[in-house]
Amino acid sequence: METNQSTNGLSKQQISDAENSNISLIDVAKNELKKSPFANCTREAFLWGIATGTAMGLHRYRMGSRLKTVSNFTFGTILLVAAPSYYMCSKTKIWNKKAIEEMMAANDFEHQSNAPLQPTLDDHPFLRKLETGEVTPLDKEYRIYKKPEKFPSYGKGIEK
């Protein structure tokens, strides 16, 4: 059974297009990742993994471990933190989207693309055109509030 997907998630067509053009396979993978709704999850997961792995590596080096052991713990920690972080972030995004759709369905809301057009300004139920020379409360000037003095006569008018 042959599938159209290769081991890295790109289709054979995309790989052959990348080989025939000047675009590298890495650029094709980056473009596919940018299209993904979980691109932010990937970025966030690996940033947490790198930060935690670096801290673990520095700790192991400070404790006197050999460099090979330090690098093993660093990369192990990166993967150990990044994998569950990505999983939790992607599941949270899916859950949030599902919750919003359920709330909209429960309240009989529809997607914005199905919403009616906005009324024109002439037919708007709450707005009206201003008459020539009409003043609105928005046109008046506001003065800066000056805090009253607590003891206005202190030091004034007291004669010795």
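Further up the page is the structure itself.
Conventions we followed
Residues numbered from 1 in each chain as written. Predicted model: local features only at pLDDT ≥ 70, side-chain atom pairs only at ≥ 80, totals over all residues. Heavy atoms only, no water. Helix = DSSP H or I, 4+ residues; strand = E, 2+ residues; numbered from the N terminus. Buried < 20%, exposed > 50% of the residue type's maximum accessible area, 1.4 Å probe, protein only. Disulfide = S-S within 2.5 Å.

Peer 1: Mind showing me how you'd approach the environment of Ile 78 here?
Peer 2: Mapped onto the fold, Ile 78 is located in helix H4 (residues 67-106). We classify Ile 78 as buried; its relative accessible area is 13%. Separated by 25 residues in the primary sequence, Ile 78 and Gly 53 have C-alpha atoms spaced 4.8 Å apart.

Peer 1: Even after reading the chapter, I still don't get the state of the cysteines, so can you show me in this structure?
Peer 2: As used here, a disulfide is simply a covalent bond connecting the sulfur atoms of two cysteines. Following the criterion strictly, the structure yields one disulfide and no others. Two residues share a disulfide in this structure: Cys 41 and Cys 89, whose sulfurs sit 2.1 Å from each other. Where Cys 41 bonds to Cys 89 through sulfur, the torsion about that S-S bond is close to -70 degrees, and the disulfide is left-handed. Separated by 48 residues along the polypeptide, Cys 41 in helix H3 (residues 39-62) and Cys 89 in helix H4 bring together distant segments of the chain. Here Cys 41 and Cys 89 have matching classes, each one buried.

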